[in-house]
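Chain by chain, the residues:
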Amino acid sequence: MAIREFMPPESVVAAIRSDVERYESQRVKAWGAVQWRVPLFLSGPLAATVLLAIVFNRMAEPYERWITTAHVVLYVAACFAAIFIYRLAMAPATALRQSFRSKVLPLALGFIEDVEYRHGQVPDSIDRLPREASGSFSRQTFDDVITGRYEGFRFELYEADLRKGSGKSETVLFKGVIVAFETMAAFPGLLVAVRKAGAIAQFFRGLLGTKVAELQSGQETVDGAYEFHTDNPDAARPLVTGRLPRALLWLAETWPEERARVALKGSDGFLLLPLRKNFFEIPGISVPLDYVRHVEPIVADVAALLATAALVRKIGAPDDASANEGEARPAAAGVP
């Protein structure tokens, strides 16, 4: 991809650099405040925990000291209290970093039309996300949300943490970035491409049965890595043996960290990209912020992800429609 084409013009870069300079002056003050707030805020609860543990020891048998039920409850409560108090002590730094993202990200992502940035809000498209692609989650957490229009189509890009269960039985079903978009041609049903499950999981899934059929692309590399499930095999087969494998191979080259998932349902398309890192993260409050090292990579990542979504949304389109749209901005799309 020609990433330079997505970077803001010099006038906008100058404004962002000015914001970075203002952020830096505030960051130094916030970092100084955090250095005394954290130990001060935590010292009281720590002292109280130690004193209570000593009191419990005097009431316990010699062989039970430090390990009675009361001690365990105290330690657990102290851990939760420490997490809450630490976040309270870090509040000035957290608020500063979030305010910087809220102001600078829409400027930096100027190649997106009607760009909007939200934080911590539930995305509009999450209810339409096929559970066959994400898993049946019971808990959901969202971080940064970007919406807008790219190459003529509207999208919603957000960081999601989707889980099932709680405590020791909690399972992370998906953690990463999701891009929701309208496809060029509606798919008459459901089609998902997910990472290939192990032999044991496939065996038990076969015993339990499923409402969707499994197809193969006929390409050994793709079929060894992915499973294709659909409730409309006749409509899905041309896609599974055609454009979809090419898109998945391109995804593997562009995002090699983890295999992406793709879901098509009616006019809705979803690209799920598992990621370990925070997609829109800027350095911690102790690290000086630099435009080139910290802001430009975010722009490049978003541009690459939207170009990937632009490719995926063409999967079910007629050849002539896909070709005509691809001719509009071949360098920006960055895809074959």
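These numbers come from a predicted model, not from an experiment.

Caption draft 1: Focus on the environment of K265. Relative to the helices and strands, K265 is located in strand β7 (residues 261–274). Each C-alpha atom of the pair K265 and P130 lies 7.5 Å from the other, and the pair is 135 residues apart in sequence. Each residue touching K265, except ones within four places of it in the same chain, is listed here: P130, F187, G189 and L190.

Caption draft 2: The arrangement of the confidence of the model for the protein chain in detail. Of all residues in the protein chain, 89% attain a pLDDT of 70 or more, and the chain-wide mean is 84. Looking across the protein chain, the model is least confident in helix α11 (residues 330–333), with a mean pLDDT of 34, and most confident in strand β3 (residues 153–164), with 94. For the stretch residues 199–209, pLDDT sits under 50, and the model shows eight contacts to residues farther than four places along the chain or on other chains. Here residues 326–336 scores under 50 on pLDDT; set against residues more than four positions off or in separate chains, the count is 20 contacts.

Caption draft 3: Structural context of helix α2 (residues 69–89). Helix length check: α2, at 21 residues, gives a terminal C-alpha distance of 30 Å against a target of 30 Å (1.5 Å per residue), a fit within 8%. When we look at burial in α2, the residues that qualify are H71, L74, I85 and A89. In a view along the axis of α2, the buried residues occupy a sector of 55 degrees, so they form one face of it. Along α2, exposed side chains directed more than 90 degrees from the buried face belong to T69, V73, F80, F84 and R87. Where the residues of α2 are buried, they touch α1 (10–59) and α3 (91–108).

Caption draft 4: Spatial organisation of the pairing of strand β6 (residues 226–230). Most of β6 is tucked away: five of the five residues are buried. The alternating pattern of β6 places Y226, F228 and T230 and E227 and H229 on opposite faces, both of which are buried.

Caption draft 5: View of the side chain of H71. One can find H71 in helix α2. Residue classification places H71 among the buried positions, given a relative accessible area of 0%. Polar contacts involving the side chain of H71 include one to the main-chain carbonyl oxygen of A53, which spans 3.0 Å.

Caption draft 6: Geometry of the nonpolar core. Core analysis: the biggest nonpolar cluster contains 73 residues, and F111, F155, L157, V179 and V302 have the highest contact counts within it. With 15 residues, the single largest contributor to this core is helix α9 (residues 291–312). Ignoring sequence-local partners within four residues, the contact set of F155 consists of I112, I146, T147, G148, R149, Y150, V179, A180, F181 and L306.

Caption draft 7: View of the packing of α1 against α3. Following both chains from N to C, one finds α1 and α3 inclined at 170 degrees, their axes separated by 9 Å at the closest point. The pairing of α1 with α3 is recorded here as roughly antiparallel in orientation. Residues V12, I16, D19, V20, R22, Y23, Q26, R27, A30, V34 and R37 of α1 pack against P92, A93, L96, R97, F100, K103, V104, L107 and A108 of α3. Within the contact of α1 with α3, the residues separate by chemical class into 13 nonpolar, one polar and six charged.

Caption draft 8: Quick look at the packing of α1 against α2. Taken N-terminus to C-terminus, the directions of α1 and α2 make an angle of 170 degrees; their axes are 10 Å apart at the nearest point. When the interaxial angle is binned, α1 and α2 end up roughly antiparallel. Between α1 and α2, the residues in contact are V34, R37, V38, F41, L42, P45, T49, L52, A53, F56 and N57 and A70, H71, L74, Y75, A78, A82, I85, Y86, L88 and A89, respectively. Residues that form the contact of α1 with α2 fall into these classes: 17 nonpolar, three polar and one charged.

What counts, and where the lines are drawn
- Residues numbered from 1 in each chain as written.
- Predicted model: local features only at pLDDT ≥ 70, side-chain atom pairs only at ≥ 80, totals over all residues.
- Heavy atoms only, no water.
- Helix = DSSP H or I, 4+ residues; strand = E, 2+ residues; numbered from the N terminus.
- Contact = heavy atoms within 4.5 Å.
- pLDDT = per-residue confidence, 0-100.
- Expected span 1.5 Å × (residues − 1).
- Buried < 20%, exposed > 50% of the residue type's maximum accessible area, 1.4 Å probe, protein only.
- Arc of directions from axis to C-beta.
- Polar contact = N/O pair within 3.5 Å; in protein donor to acceptor, adjacent residues only side chain to side chain.
- Core = buried A, V, L, I, M, F, W, Y, C linked by side-chain atoms within 4.5 Å.
- Axes fitted to C-alpha atoms, helices over the stretch in contact; angles between N-to-C directions.
- Parallel < 35°, antiparallel > 145°, perpendicular 65-115°, else oblique.
- Nonpolar A, V, L, I, M, F, W, Y, C, P; charged D, E, K, R; others polar.

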